[in-house]
Structure formats: structure tokens, C-alpha cells
Amino acid sequence: MSRPSMSRTAPSSARRMRRVLGVAVAAATGVLTVAAFTHAPQVSAADDTEVSVDEAAYRVCAEAPVDAAGVDSFTVDAPVTGFVEARITASGDWDLAVFDEQDDVVAGSAGFGGREVATGFIDETTELTVQACLLDGEPGSTSVDLTFLELDDDEPTTSSMVEVDTPKRADKERLQQLDLDLTEHAEDDSVTVVLHGEEDVSTLREAGFSYETVVEDLAAESRADRAADEQFAAAVQESDLPSGRTTYRRLFDYEAEMKELVREYPDLVRPLTLDHLTVEGREVHGIEITTDVDDVHDGKPMFLHMGTHHAREWPAAEHTMEWAYELLNGYGDGGEFEELVGDTRTVVVPVINPDGFAISREAATTGSFGQFDYDMKRSNCSISENAPPEYQVGECADNPAGRLRGTDLNRNYGGFWGGPGASPIWSSDTYRGDGPFSEPEVQNVRDFHASRPVTTLISNHTFGNLWLRPPGVAETRPPLEKPLYEALGEKAAAHNGYDNIPSYELYDTTGGTEDWTFWTAGSMGFTPEIGTEGFHPPFEVGVVAEYLGREPAEGAGQGGNSAAYLEVQRATADPQYHSRITGRSPSGHTLTVRKDFMTATSPVVQPDGSVGDPILFPDSVESSYETDGREFSFAVNPSTRPVIAGRWGRDPTGPPQPGMDLENPPGIPEENKDLSFDGPLETTTFTVEDGEYDNAFAEVSVGWGNAETDWDVYVEGPDGEIVGSAATLNDPEEVLLRDPVPGEYTVYIFNYDQADPDNPDDWTGSVDFRGPDPKEIGETEPWILTCTDPSGKVRNVEEVVVDRGESVDVGNACRPSRGEG
Ligand SMILES: [Zn+2]
């Protein structure tokens, strides 16, 4: 397969360098082979281009080229067909836009400060206008750093979307090991997968999977979807969304709109820039929303609402942004929204992964077939130190590994990092990163969450109509809060019609957002997988219908995600979902709660499939409250981390059913390497009894004698659906059924391989039943509460243990004796 090749070119010399390369993925081994490869050296613009303004003036810089106060521009002939990148690093609030000859914006950047990175796709035949705008700050001059990359798209790859048959969980696991581009869209018996070219098709075929093609040519579909977007935008002046948007925003639209909201609602909205620059040097922006918004340490419970970790998941950012408008519109209308905005602090970060999003979103703008690779980018822009040296070069848009470069940000969180459902292979779409929290975009979320009282959280994704919560793998077991967590998910899912499930029920994942934000930091979070129509379907479907609850969305007529998010906003204000420390304190003091501890990753899966030790890393969470002399009520998360607090369980309602042997029919079936149900196999049955028994688990075990022999097992439930399987090289093969419904089960047993076919090794089997896991109460952990006076002197340190839903009165928090304040 051949990828688009790019080279860097200076605008003055218009040097043309081409790279010809072929990247083939030997998927099962994760080895990349390079047919031919030359890397173009990075060349910046010959002359840095100066812009100068004598006053600052607020405007939307990307709106149009203008000759006005606070604006300076220059023109340059586009030297290539490919990619343009314009950068400013200055003080004050600068914005940047690049226009083509039709005055359409081809690249833009509108961050809160003076660090702007505008990237986009351009055509060689055009003249570009580069416009810099000073919105705020000291007038003066700065230089625009302008570079170009040539894009050669003459050998496009056809990507398709297919539904792969995975009748049993082991098939899902086997499919994951192929390192293909899996979506979050899965049914009990299938997973939707993106196939990038012929290599992927043969990988899937050679592994013996059957599949049905859902979308023949994703690039063609993408073009049709964008055409539909244009029609929709032309047909309606304004949508019914809170913002009235009619098309997908681009990165600079999000930035400019957030800036506009800060201007429009100075008491309710404040800008937020997260701590770390992205791999490409972008700032990550959001806004905070509440009354008296600048009183950052106000002790209110906080709802962190995030979009687009995965670059191609555009509706995730749209839904997040619309929620900001909904709150602000609703506040003005009074009633419940006014109360919620006052009682909680909402932090909206629409795009966690701006580098990746800009590439995916801008690629589609051109509609170019050859750039489709970029349209489907999932990861961020980092390049693994595990990649071969020839791939550790260039920037995101001109890296020879193309879309394969980068880390899956929703596998990079440090809690449970490195376990199943995240790839250790650098070129995988689910690459977990070089270490726990190795990526700056994920460090951003961690550092923010670790320093503020985030008590509820949403991390939006597309697609699959799912409303996911922890745990990511079944073995972790549900947290103590399971009933509360599940019930809150149920309330939300009643509006969008999504499946309210722990995420392991989709498939195993580790290093996901809630693997740290919930298990370690203690906030209750959900990962919605929005819609069923793809990563960025037509705007009217993926955004308008899903957000408002209209046909064809599953939540049509039930309020959609708008109403689902409202449930989470209500939960943020509801004391049963967080913890509170109350008491008295003199004015102007700072109360801080903090915990320092070590966090463990999963036992780390190695590239060769072996499993190493977990990695331990130092970790902490903290939040602060500034006192005003009155009685205080400080919203915090539970003092004990859910990961050590224990696990949910229940009391048995009766004994488990006695175990039984499986009857082995006479003879031995022929070998059946395809595990085909039409081929030779043996069947036997067992019954799960109704009545006095409480069978929380049934374990079907099939074993034999010779280690070189292999039998495989599938179990079908009373309703005729496959409910479990074990098709590994293990002896015995074991199938664990959770809460098996009463009725007759059928066991299918396949002779996969005989060490000695002339002297075959037959199986023996049994079923054992087990009662429910008991509730497990682990350790209790305190917050360390510190009171610091206005001079910085520590007045009191004490331990406070507080559970979720609990409020603890500490009396005078600044006097150790806790006397009268
Ligand atoms: Zn996603």
C-alpha cells in the first residue's frame, strides 16, 4: 500500500522534494516494512514574515481578510499542493488565519493567548493571504513562521468499514490482537472495523474472520456526508442546537467561540488553558462556567465535560461545546439552569487532541481522496521511541508512518495502563504510548483533575450508542459505588437510548480516561459513544439528531444527549455523588485537601505477548478552597480512592447448584481448524436450575492430557445465543458465565489439534457453580486537610475521612483545638 508522500518546501524557493514510500503493516506481528523511503529535510520559510499593528481590536480573525485596525496581512503564492502551517509565538492575544483566493479560510488559530498554530490543506494554484490579528495586548510586531509540505496523492488507499463476525468474546480478543483499526461500535456477535487498504483486508481474511461490508469506500462516503452538510447548512439558517450551528466546527471556530463566550458572559465564563503544550506546540483551551466564575477556589462541585480525544470523532467536540451554550442560554432563562449554573462549576474542553483533530477536520475540507488517511486519524501526533528510526522523523502531517503515527490518548491514562485492550505496538491505532501518562494531552487532563475538585466527568466519543462506565476489564470487578453509578447511567441513557454498561462489556480496554479519573481521583465519569452512523456522519445526524433527540437517533423523542448531560449536571449538584467537608474558618484562609500515594498500572503486556510487572508511579490529588469568613461547604471527592476502597458484591440468596460432569459423546470428531459450526464437532448439554440456587457464576471446564493437543469450547445459552467461549491453547479451556439464566445450555466442543491423530486424546469436562462475589471492603484513606493563613503560615493540619454522599463537619478548620472560631 502506498501512502501520500509529503515534503517540506520553502515558499521562496519552491523546492520540490518528493518521497516515495510504501508502508505495509504485517498486522499480527506489528512489524512495519518499508518498500522505499527518503525523508525530506525540514525547511522553514526562507524569510520569516513580519506583521505589525498599532492597536488591538477584538474580531474573529478567520471571518474574512480585512483592512482594519489591529490587523496586518501579507500574500504568498502557494508553492505546493499540500499542507500549510503558520505559527505565531508572541505576547498579547493574537489570532491567525490563512485565506485562499476565494477568501475561504484554509487554516486558522484563535487561542486565548499569543501562541497560535494554524494548519490546513492548500492547492498549488492559489495565492494565500496570511492574516494576523491582535485582539488584546500591547501593539507591535511579530513574525509569522510559515512552512509548507507537499502532498502527493496519486496513489490513494481505499478504506472500508466492515462488520466482523465475533460470535464469542474470544473472537473479539483474537480480533483485537490483529492490530486493525477497531471502532467502538460492537454488538454481542460483531465488531465494526475500519480496513485501510488491501493489507488490512488480507490480514482479516487470513485470520479466518468472516465479515460484511458496511461502507465500501469511506472516502466516498465522507465526501457525500460533507455534501449533505452543505445542503443542510444551506437549507436552514440556524439549527435548533443551543448555538444554532449548522456545520461541523473547525479547531479555530471552537477557539473563537469560546473567546466570544468569555466576552459575552464575563461573570459566568472564564478562559482555561491547560498546563501542557501538545506535541505540535498547541495550547489546549476550554472554558469554566459558573456564577462569580473568577473565584476559582469556591468549593463548588465540578463537572469536567470533554470532547475529542480521538481525532476523527468530531461530534464528540460538538456535543461538548453545545453543552456550554445550553448552560448559558438556560441560565438566562432562569429556573433550574440558573440554579445549576450557580451551584456547580462546569469546565468544557471541546478538543483534548487539537493536533489530531486539526488534521482530520481540515483534510476533509478539501474532499481529496488521497488525504483520506488523515480524515480517519485517531491518535495524537507523538512518535514513539519504539518506532524504527526511519519513522521518528518529520511532523505529524509529513511523517512516513502517516495515520499510524501517534498514541491512542484513551489508552494512555496511568491507572491500569498497559493491560489488555491496549496495544504495545507503536503503529497500532490503539497504541498505549511509551509509558503511563506519557502524552502531554493526557497529562493536561490528569494535572487539571489532580488540582481541582472535579466530581463528575464526561468524555465524549463516537460511535456505538453506548454510555460506558468503569471497569474496563471484568477482572477489576465493579466499584463499591456500582448501584449508584449504574443508576445514574440509567437516568442518562433513558434520554439517548444508549446501552448503559461497564465498558468491558464492549471489549477489554486499559488506560482509558476513567481508569484514572474514577479509580484514582474518585470522580464519577462516563464515556458516551455517540450515535451509530460513523465517526463523523452528516452533521444533521451525528450532532443535531443525537444532541436534541430526533430521528434517526435512538433517543428520538426522549431528549437526546442534551437531556442526558442535564442528568449529569444535576448529579454534579447532588450531594450523594460527591463528598463534602464543612466547618468554619476565618476569612482569607486557604483550605487544601491532598493525598500522595503510588498508582499501579496493570501488569504490563509486552510486545511479545508476555506479561511483566505493573509499573508504580508517584501520584497525588489535591484541591483548594478559599474561605470568606462564613461557614464553608467544600465539595471534594471521597477521601479513599475507589481502587483501594473495595469492590461491590452481594449476599447470596441460596447455595450454588452442585457441580456436574459433562457427558462426552462416544468417539472423537475430526479436526476442525476453522472452528466451523457446520464442520465436525461434539455437543453436550447441562442445565442451570431454577429455584433455591443462587448461581452468580458457572464455569465450564474442558481438559485433556497431552499438552500438544488442543480442544476448543463454545457455550450456547437457553435462548440459542452463544454466551461464552474458550478457544485458546490452554488446557483446560475454561468458560466463565456470569449470572447465567436458568435453562438448558449447549456446549460445542471442537477438536482443534491432536498431538497424535492415530492415538487421539479425548476430553473430559465439568461445570462448577459459584455464588456471588462478596462485597469486599478494602482500606480507608484520609484527605490531609491543611489550613493556610493569608501570610502562607500553616495553621492546622488534620486528617479527614469522608465517603461519597457524606458530609463531614470539621468545626474550625484553622484551629487545631477546634475551639470556637
Ligand atoms: Zn473514541
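Refer to the structure presented above.
Participant: For this particular structure, what's the right way to read the sheet that holds strand E38 (residues 783–788)?
Facilitator: Hydrogen bonding along the main chain pairs the strands of a sheet, whether they run parallel or antiparallel. Strand order across the open sheet formed by four strands is E26-E25-E38-E39, with antiparallel pairing between neighbours. The outermost strands of the open sheet, each flanked by one partner alone, are strand E26 (616–628) and strand E39 (794–800). Neighbour-to-neighbour, the strand axes of the sheet open up by a mean angle of 20°, direction not taken into account. Bridge count between strand E25 (residues 587–600) and E38: five bridges; the pairing is antiparallel. Within the sheet, the bridge partner assigned to Val 593 lies in E38 and is Leu 785.

Participant: Teacher, can you tell me more about the coordination of the zinc ion here?
Facilitator: Around a metal, the idealised angle for a tetrahedral arrangement of four donor atoms is 109.5 degrees; for an octahedral arrangement of six donor atoms it is 90 or 180 degrees. In the first shell of the zinc ion, the protein supplies His 310 (ND1), Glu 313 (OE), Glu 313 (OE) and His 461 (ND1), at 2.0 to 2.3 Å from the metal. Taken together, the four donor atoms coordinating the zinc ion span angles of 58 to 148° at the metal, a pattern that classifies the geometry as irregular. Every donor residue of the zinc ion comes from the same chain, spaced as H-x2-E-x147-H. Both residues of the pair, His 310 and Glu 313, count as buried.

Participant: Please clarify how the sheet that holds strand E34 (residues 733–738) should be interpreted in this entry.
Facilitator: Reading across the sheet, the four strands line up as E29-E36-E31-E34 and stay open at both edges, with antiparallel pairing between neighbours. This sheet does not close on itself; its edge strands, each paired only once, are strand E29 (660–662) and E34. Ignoring strand direction, the axes of neighbouring strands in this sheet form an average angle of 20°. With seven bridges joining them, strand E31 (residues 697–703) and strand E36 (residues 764–770) adopt antiparallel strand pairing. If you follow Phe 697 over to E36, its bridge partner there is Arg 770.

Participant: Even after reading the chapter, I still don't get the state of the cysteines, so can you show me in this structure?
Facilitator: Here a disulfide denotes a covalent bond joining the sulfur atom of one cysteine to the sulfur atom of another. One pass over the structure, following the stated rule, counts three disulfides. Linked covalently through their sulfurs, Cys 61 and Cys 133 form a disulfide whose S-S length is 2.0 Å. Since a negative S-S torsion denotes a left-handed disulfide, the Cys 61-Cys 133 link at about 75° is right-handed. On the criterion of sequence distance, the pair formed by Cys 61 in the loop between strand E4 (49–53) and strand E5 (71–77) and Cys 133 in strand E10 (residues 127–136) is long-range, its members being 72 residues apart. As far as burial versus exposure is concerned, Cys 61 and Cys 133 are alike and both buried. With a sulfur-sulfur separation of 2.1 Å, Cys 381 is cross-linked through a disulfide to Cys 396. Disulfide Cys 381-Cys 396: torsion about the S-S bond near -90°, hence left-handed. With Cys 381 in the loop between helix H8 (372–375) and helix H9 (440–449) and Cys 396 in the loop between H8 and H9, this pair connects stretches of sequence that are 15 residues apart. Note on Cys 396: relative accessible area 2%, which makes it buried. Along the protein chain, the cysteines that take part in disulfide bonds pair up as 1-2, 3-4, 5-6, counted in sequence order.

Participant: How should I be thinking about the pattern of salt bridges in this particular structure?
Facilitator: As enumerated under the stated definition, the model contains 41 salt bridges in all. With a closest N to O distance of 3.1 Å, Arg 282 and Glu 280 form a salt bridge. Judged by its relative accessible area of 9%, Glu 280 falls in the buried class.

Participant: Just checking my understanding: could you explain the pairing of strand E27 (residues 632–636) for this structure?
Facilitator: Consecutive side chains along a regular strand alternate between the two faces of the sheet. Burial within E27 is extensive, with four of its five residues counted as buried. Note that strand E24 (residues 579–584) and E27 share five bridges and pair antiparallel. Following the sheet pairing, Gly 583 is matched in E27 by Phe 632.

Participant: When you look at the side chain of His 495 in this model, what are you seeing that I'm missing?
Facilitator: Among the structural elements, His 495 can be located in helix H10 (residues 482–496). Looking at His 495, its side chain comes within polar contact range of the main-chain oxygen of Gln 558, at 2.8 Å. In contact with His 495, not counting residues within four places along its chain, are Gly 555, Gln 558, Gly 559, Gly 560, Ala 563, Ala 564 and Glu 567.

Participant: For this particular structure, what's the right way to read the packing of aromatic side chains?
Facilitator: On inspection of all chains with the given rule, the structure shows 26 aromatic pairs. Note on Tyr 625 and Phe 632: the rings are 5.7 Å apart at their centroids and 40° apart in plane angle, and the pair reads as tilted. Just as Tyr 625 is buried, Phe 632 falls in that class too. With a centroid separation of 5.5 Å and 55° between ring planes, the pair formed by Phe 677 and Tyr 714 is classed as tilted.

Thresholds applied
Residues numbered from 1 in each chain as written. Predicted model: local features only at pLDDT ≥ 70, side-chain atom pairs only at ≥ 80, totals over all residues. Heavy atoms only, no water. Pairing = 2+ DSSP bridges. Helix = DSSP H or I, 4+ residues; strand = E, 2+ residues; numbered from the N terminus. Axes fitted to C-alpha atoms, helices over the stretch in contact; angles between N-to-C directions. Donors = N, O, S within 2.8 Å, 3.2 Å for Na, K, Ca; no water. Tetrahedral: all angles 85-135°; square planar, octahedral: opposite > 155°, others 65-115°. Buried < 20%, exposed > 50% of the residue type's maximum accessible area, 1.4 Å probe, protein only. Disulfide = S-S within 2.5 Å. Salt bridge = Lys/Arg side-chain N within 4 Å of Asp/Glu carboxyl O. Polar contact = N/O pair within 3.5 Å; in protein donor to acceptor, adjacent residues only side chain to side chain. Contact = heavy atoms within 4.5 Å. Phe/Tyr/Trp six-rings, centres within 6.5 Å; stacked < 30°, edge-to-face > 60°.

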